[in-house]
Amino acid sequence: MSDAGPTNEAQYDFDRQMTEAEPIPTLSVVDDYEEIANKEMPQMEEDIVETKVYHWDVTNWRNLSDREQSPVFEAGGHKWNVLLFPRGNNQHEQLSVYLEFADLRDEGHDPEVYSCAQFLICLSPPSDPTHYVCQASHRRFHRDESDWGFTRFVDLRRLYQADANTGTGPFVEDDQLRISVIVRGIQDPTGVLWHNFVNYDSKKMTGYVGLKNQGATCYMNSLFQSLYCTNFFRKAVYQIPTENDDPNGSIALSLQRLFYNLQFDSDSVGTLEVTRSFGWNSADAFMQHDVQEFNRVLQDALEVKMKNTPADGAIKKLFEGKMKSFIKCINVNYESSRSEDYYDIQLNVKGCKNLEESFKDYVAEETLEGDNKYMAEGHGLQDAKKGVIFESFPPVLHLQLKRFEYDIQKDAMVKINDRHEFPLEIDLEPYLSDDADRSQSHKYALHGVLVHSGDLTGGHYFAFVKPTKDGKWLKFDDDRVVPATSKEVLEENFGGELLGGAGMNGRPNMRGLKRFTNAYMLVYVRESMRDEILSPVSKDDIPEHLVKKLEVEREERIKEEKDRAEQHLYMRMYLVTDEHFQSNTGFDFVELYDRQSSDKTLVQSQPILKKQKYGAFMQELAEKMGKNVNEFRLWLLMNRQNRTVRPETPITNNEKEMELTMEQIKQKYLNENQPLKLYVETATVYQNGQPYFPPPPSNTAQQVLVFIKLFDPELQRVRGIGRLYVPLMGKVGSIMDQLNDMAGFEPGTLLSLYEEIKPSMIDAMNTGLTFSEAEIQDGDIICIQKELRDDDIAQYHAQGLYPNVPEFMDYQLNKVQVVFTPKDKNPEHVVTLALHKQTKYNDVAIKLAEQLDADPEKIQFFNIGVQDEPKAAIRRSLTSSLEDMLHTPYPTRNHHLKQKVFYEVLDIKLSELESKRQVKITLCTPTLKDCETTIIWVSKQARIADLLRELGVVKDQQENKSNKFLSANGTRRVRVFEAISNRFHREFLGTDALALLSESPTAQLYVEEIPQEELEMRDDDIFIRVFHYQRDTSRTHSVPFKFLVRKDEPLSETKQRLQARTGLGDKEWSKVKFNIVTTYSAAPIDEAVDFKLSDHQFNRDDSLGLDHIDRTGRANRIGLEKPLSIRG
């Protein structure tokens, strides 16, 4: 173990015990330094610039200072020196010696200068250069790491003493010592050799920036970088019209913004906006998916977005090829073939050494002969050739290497880490059909390699891409982009075993090490079209609206960064005016707000320089208001003990106060944690032409400043209307004329007065008391309204209105905005209502029913779950309130979700619901693909036969046939079965009670016609269960079913019956893959051999799995894993 490190390393670093060369060394550090270097330093694959040795003959050893530097020497085109600590560095037992990068001491040196070097430091006595001890290391030397070496090089005692074991003498002779340094300069082809990536700048090094990983989105980042560097694709995305789109809901706009930021930002770019447009949440960001599957889902979504736009057809033009599946008879002139489009090709890795072998394996023909002869129409059974051939290859070819397969021996999916080579160039013409278009070359150049590092249970994705035709390879690893060599792209990603790697102590390791990092997806570009596909993207290719919007955002970010950098110079301040009070329609004096808001009634904080003088601030404010400084004064807004904010005392405008800084003003009047809050009082009274303000509050003050709000019961609104100085010894009723004038009422209008003490305390005022007796003080708020008669109050109540200030303020205090969302989440039926949280259950239903024009007795409410989904029904109660309804038993990630309630308008009243249950049942006829789902309410005591009668499938209890089935000559016999998670669960008899139905949310009830073949079942026939899935057996979809397996029936005939049962068309059926699915695995059925389904010994839990794409996009996954989907 080496103790190589910098001079400032901690003294507790580990040692490697130094041993002198044994037997007696024959190599000399003076004459044989290159041989010593080759022996002690590992072989490098990079080119060597130069190997040089420097000898420092140190004299007067005992009188050296604690830190010494050797003379400067040159090696590998750079300057160096030895840094020596004769008595140890950070310890006093071992000699410390380092190599120092002397280029950095040159005046005017390039601050970015660096050197990669291997080095060997040797210690020997002056008389014997063959007696030495040495240590080797390597480093990237630069301004942040200018020295590297060994804190514990050799025991200090050994310098002066002979070695008792070898008999060799001490190293210090006549107070002299030789230190030899062998420096080998190493070529750095990528610019990042041995880089520690501290303060690494991807943009500066490569011209590209990375993508931030949200948790497990490395697969997505890798694909995005590959697509970004496919410039034709990027231009096509830019062609999608997005002027009116929201980036959080538009895939096209979010991708446009992502690509723009990748091109013009100087730091790594986030992908949160993109994943939001996919409809993903934070949980999706921590779920890794297959990159090839993600690519297909993304391309499908983009194709939809490109329809009827200038980009229409771009995906097909770029990625679509054609292949032909065929069966050709050998002895007669008959061929059956089918052409289909593809966007990527999945190639075998197992059993194939390289990409050419994989392609040959893909197009290899299979001979159908013997018992496996082909039934040719009009020719009977014939020997035939079966295979696939390519009719065309796309300009950009995506190849998925099948690294993940089912291992029948292990009975599990495994990753194939076998070595599989792929070339920088490949000619695909040998794999084309004879009649394919060969007018252009089919030579392809490697453009990208998407790599998976890890195993089946998890891992990491990154990508190598060559963005330009003649450029260098780059490695895109999330937020970092680094140059790469061809070896890193090819050899290090072929897979297989790693031989000859460095082992312990730098010695070669000849034992094979399994590599779990290998290529998973390859991107090739047609050579003849590289100039077009990789043509640079300029700002002219980018929509003008996008450029303008993003440039504005960029400027805002720069301003925000500047503000953050200068934030320590400023403090927060609120400045409140009479206009703010008069705009206030809520509680208290004003509502203070510390974030950006479009609501102008809120007072937002503003930054103010801490060092600005109070007098200068007053002068600036006067200029903004168009007034003189003496025409207004500032009051401190203070937090009262009852948690209200009111003007409390004015700041005096004397000379001493004017000279204080704003920070000093705050420190003088407020505690440390409160922001400065000021109210601007403008003069309304002038005496002798000069503005007049009453004296500030004191024990002898005769007047107090109060603020007036007006409540209008017709408009159901309260607002500020002004301020008054009132006499403390005057009666409360003495200001009625002034109040009527402020409110715009007729003189003499009777008023009711209330004091707003705090939001939950609105007290009626006694007009016969004095303001002093009523305990009115500066900053208090008085709410007024017209006095109402009892019949007026009753009329307002009848209209559902609040007649007076206390009731209205109570409503405002307890008001909650509730979003009522239909259970099916149809946005057209979402209703938002503002209701008092004590509104009773039935009244909530009535309010919602008014908006929906529905019967409130038929509205049922549901709790909201963790994932914003409807959960259990909320129990109806005469005493339960809206507050009770909003209290969900399910933890929610977002607080606002608690103000949401799901609802459903039922076909029956809730009173009937107590005795009935809802059953969703699907009738499948004439095939399992032809489904019609109905929701039926039946008695909880009912049986399956009752359900069938309600559905209209049968007419009476005894009947087991139905005229609802649409088959031409079917049995008309009824089967009722239940599926859970799209797998066949159980079959029911007509006499079975509905109580037997599963309560699972993934349960579904089906009715189908029993096939004729089941009525003709033989003794040796068996039933099995069949289900559909997509790629992964947990991603189930479509209708499962019970299927009769006939003894010794050829697989071809079994497949025909299966197709007829499922109702799938020929094109879709041709893509179905058949697997025997057990509890833990899925084994593909080899159709090439003479396999019969009856040959397999089906266990109770075994099923036949039909693997094909779910065209509905609703494939289910069992457990916590969600299906990969992108919102359209």
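For the structure, see preceding data.
Residues numbered from 1 in each chain as written. Predicted model: local features only at pLDDT ≥ 70, side-chain atom pairs only at ≥ 80, totals over all residues. Heavy atoms only, no water.

Chemist: Sorry, what's going on with the side chain of Asp780 here?
Modeler: Structurally, Asp780 can be placed in the loop between strand E43 (761–764) and strand E44 (781–786). The class for Asp780 is buried, based on a relative accessible area of 3%. Among the polar contacts listed, one links the side chain of Asp780 to the side chain of Arg640, at a separation of 2.8 Å. (Helix = DSSP H or I, 4+ residues; strand = E, 2+ residues; numbered from the N terminus. Buried < 20%, exposed > 50% of the residue type's maximum accessible area, 1.4 Å probe, protein only. Polar contact = N/O pair within 3.5 Å; in protein donor to acceptor, adjacent residues only side chain to side chain.)

Chemist: Quick question: what am I supposed to make of unusual backbone geometry here?
Modeler: Glycine aside, residues mostly have negative phi, and peptide bonds are mostly found in the trans state. Put simply, Thr925 and Pro926 share a cis peptide bond, and its omega is 5 degrees. Structurally, the position occupied by Pro926 is in the loop between strand E50 (916–924) and strand E51 (931–939). You will see that Gln716, though not glycine, has its phi angle at about 50 degrees, which is positive. Within the secondary structure, Gln716 sits in the loop between strand E40 (703–712) and strand E41 (717–727).

Chemist: Help me out: how do you make sense of helix H3 (residues 218–228) in this one?
Modeler: Since the α-helix advances by 3.6 residues per turn, residues separated by three or four positions end up pointing in the same direction. The buried fraction of H3 is high, at 11 of 11 residues. Looking only at H3, the buried set comprises Cys218, Tyr219, Met220, Asn221, Ser222, Leu223, Phe224, Gln225, Ser226, Leu227 and Tyr228.

Chemist: How should the packing of aromatic side chains be read in this particular structure?
Modeler: Geometrically, a pair of aromatic rings is defined through the distance of the ring centres and the angle of the planes. Inspection of the entire model under this criterion finds 46 aromatic pairs. On the numbers, 5.8 Å between centres and 90 degrees between planes, the contact of Phe85 with Tyr98 is edge-to-face. One end of the pair, Phe85, is in strand E5 (residues 78–85); the other, Tyr98, is in strand E6 (residues 94–101), and 13 residues separate them in sequence. Its relative accessible area of 0% is what places Tyr98 among the buried residues. Geometrically, the ring pair formed by Phe359 and Tyr431 is stacked, given 5.0 Å between the ring centres and 20 degrees between the ring planes. Here the residue Phe359 occupies a position in helix H10 (residues 355–363), and Tyr431 occupies one in the loop between strand E21 (425–427) and strand E22 (443–455), the gap between them amounting to 72 residues. Three or more aromatic residues joined by ring pairs form one cluster here, namely Tyr342, Phe359, Tyr362, Phe390, Phe393, Tyr431 and Tyr444. (Phe/Tyr/Trp six-rings, centres within 6.5 Å; stacked < 30°, edge-to-face > 60°.)

Chemist: Explain the sheet that holds strand E46 (residues 831–836) to me, please; I cannot follow it from the model alone.
Modeler: Backbone-to-backbone hydrogen bonds pair the strands of a sheet. The strands run either parallel or antiparallel. If you walk across this open sheet you meet the five strands as E46-E45-E49-E47-E48, and the pairing is mixed. With partners counted over all chains shown, the strands left at the sheet margins are E46 and strand E48 (870–873), one partner each. Each strand of the sheet is rotated relative to its neighbour by a mean of 40 degrees, with strand direction disregarded. Pairing analysis gives six bridges linking strand E45 (residues 815–822) to E46, with the strands arranged antiparallel. Looking across to E46, one finds that Gln817 is bridged to Ala834. Across the sheet, helix H20 (residues 805–814) lies against E45 and E46, angled at about 130 degrees from E46, the strand it touches most. Lying over the sheet, helix H21 (residues 841–852) contacts E45, E46, strand E47 (859–864) and strand E49 (900–905), oriented at roughly 110 degrees with respect to E47. (Pairing = 2+ DSSP bridges. Axes fitted to C-alpha atoms, helices over the stretch in contact; angles between N-to-C directions. Contact = heavy atoms within 4.5 Å.)

Chemist: Where do I start with the pairing of strand E59 (residues 1103–1107) in this structure?
Modeler: Side-chain direction in a regular strand flips from residue to residue, so the side chains alternate between the two faces of the sheet. The buried fraction of E59 amounts to five of the five residues, a majority that puts the element mostly inside the structure. Every second residue of E59 is oriented toward a common face, with Ser1103, Gly1105 and Asp1107 on one face and Leu1104 and Leu1106 on the other, all of them buried. One ladder, built from five bridges, connects strand E55 (residues 1022–1030) with E59; its direction is parallel. Bridge pairing in E59 links Arg1025 to Ser1103. Summarising the sheet, strand E57 (residues 1073–1077) and E59 pair through five bridges and their orientation is antiparallel.

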